[in-house]
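These are the residues of each chain, in order.
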Amino acid sequence: MQTLLAVSSVPPASTGPCGPTWLVTPGIVPTRFDAAVAAGAEVVLLDLEDSVPAGAKAGARAAVLAFSGTREREPAGPLLGVRINSVDSQGLVDLAAMAEKGQWPDLVVVPKVESASDIAAVVRSVRIAAAATKVWALIESPRGVVALPGIVNTPGLAGVLFGAADYAAAAGCQMTSRAMWYPRSQLVTAAAAAGIPAVDSPYFSLDDQDGLRLDAQEASELGFTGKVAVHPRQLAVIRQAFAPSQQELATAHAVLAAAAGAAGGITTAGGAMVGPPLIEAARAVVRRASDSRATTSPAPKAS
């Protein structure tokens, strides 16, 4: 009974086309770019925003575009993303430089999104350039959370990410699990209603693997499809947290077998009732296991 209830709590979404692990690295340190790509994440996010001082924006932008232009992506390699500056800062300058050079990443993350118009402006730039770049919104303020219904339904939006540090600063709350329940739940709910994936904020304590594990497991339980890492050594823990356990997978297969035998009717498995919600949850577990196998590859040891 308990194992079946555990299956029912699994979110129906898969990890999505990007996979569960994102690795962010400063755009101001190009010597780290190759190592980030080789670290084993499904998405490597080069940052032009918070990690780059105001006076170094142009240099970081040039370095990121140069790397994006010379890199030949391997079929099994990670997607390359760029977190641009906010739309009301230098974000449009970042996009103009991409258009001028013809160097577009696989995805663009727009920070500090607080309205649908922020995303619409970026989508418009991408479409004018006829680029295949996907646009993601980073929600990191109470205003952004309140505006989620409009943001997630903006045409051309591919997904959303949560920024816990900026949210906590703006809300005047602590960056604890309990304090983040409300905005994280709002983000996941809005994303699920719009049919797009949601990726959780980084865990910033690099030496606290147990804390990272609990935080990533909670993100998975809430319905996030992935989590951002700030160091390669966090990737394995995040990947494990988003992959179903052997017990979850066995239970899911038992539910699906019982459902197949019932030919669409209500049945039981393991002493519990099995109906449409449990069946869909079991399918989600199997999809997650498949996604995990497809995206897992040996990662080099981090220093």
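Refer to the preceding data block for the structure.
Conventions and cut-offs
Residues numbered from 1 in each chain as written. Predicted model: local features only at pLDDT ≥ 70, side-chain atom pairs only at ≥ 80, totals over all residues. Heavy atoms only, no water. Helix = DSSP H or I, 4+ residues; strand = E, 2+ residues; numbered from the N terminus. Contact = heavy atoms within 4.5 Å. Areas by Shrake-Rupley, 256 points an atom, 1.4 Å probe, with all protein chains shown as cover. Phe/Tyr/Trp six-rings, centres within 6.5 Å; stacked < 30°, edge-to-face > 60°. Buried < 20%, exposed > 50% of the residue type's maximum accessible area, 1.4 Å probe, protein only. Pairing = 2+ DSSP bridges. Axes fitted to C-alpha atoms, helices over the stretch in contact; angles between N-to-C directions. Right-handed = clockwise from strand over helix to strand, strands pointing away.

### Considerations on the overall build of the chain
In terms of regular secondary structure, the chain is built from 13 helices and ten strands. Long-range pairs, those at least 24 residues apart, make up 70% of the contacts in the chain with a sequence separation of at least 6. As displayed, the chain offers around 13900 Å² of accessible surface, 57% of which is attributable to carbon and sulfur atoms.

### Details of the packing of aromatic side chains
Evaluation of the coordinates by the stated rule reveals three aromatic pairs. Ring geometry for Trp22 against Trp136: centres 4.9 Å apart, planes inclined by 65°, an arrangement best described as edge-to-face. You can see Trp22 sitting in strand E1 (residues 21-26) and its partner Trp136 sitting in strand E5 (residues 134-139), a full 114 residues away along the chain. For the pair shown, Trp22 and Trp136 are each scored as buried. Between the aromatic rings of Phe33 and Phe67, the centroid separation amounts to 5.2 Å while the plane-to-plane angle is 65°, which identifies the pairing as edge-to-face. Here Phe33 is found in helix H2 (residues 33-37), whereas its partner Phe67 is found in helix H3 (residues 57-70), with 34 residues between them in sequence. An identical accessibility class is assigned to Phe33 and Phe67; each is buried.

### Topic: the sheet that holds E1
In space, the eight strands of this closed barrel follow the order E1-E2-E3-E4-E5-E6-E7-E8, with parallel pairing throughout. Sheet twist, expressed as the average angle between the axes of neighbouring strands with direction ignored, equals 30°. Looking at chain direction, strand E6 (residues 157-162) and strand E7 (residues 198-200) are connected through two bridges and run parallel. Looking across to E7, one finds that Leu161 is bridged to Val199.

### Some details on the pairing of E5
E5 sits mainly inside the fold: five of its six residues count as buried. Relative to E5, strand E4 (residues 107-110) runs parallel, the two sharing four bridges. Pairing of Val110 across the sheet is with Ala137, part of E5. A crossover connection joins E4 to the parallel E5 through helix H5 (residues 116-128); in handedness this β-α-β unit is right-handed.

### Structural notes on unusual backbone geometry
Residue Lys112 is not a glycine yet carries a positive backbone phi of 50°. You can see Lys112 is positioned in the loop between E4 and H5.

Note that all results are geometric; they support no functional claim without further evidence.
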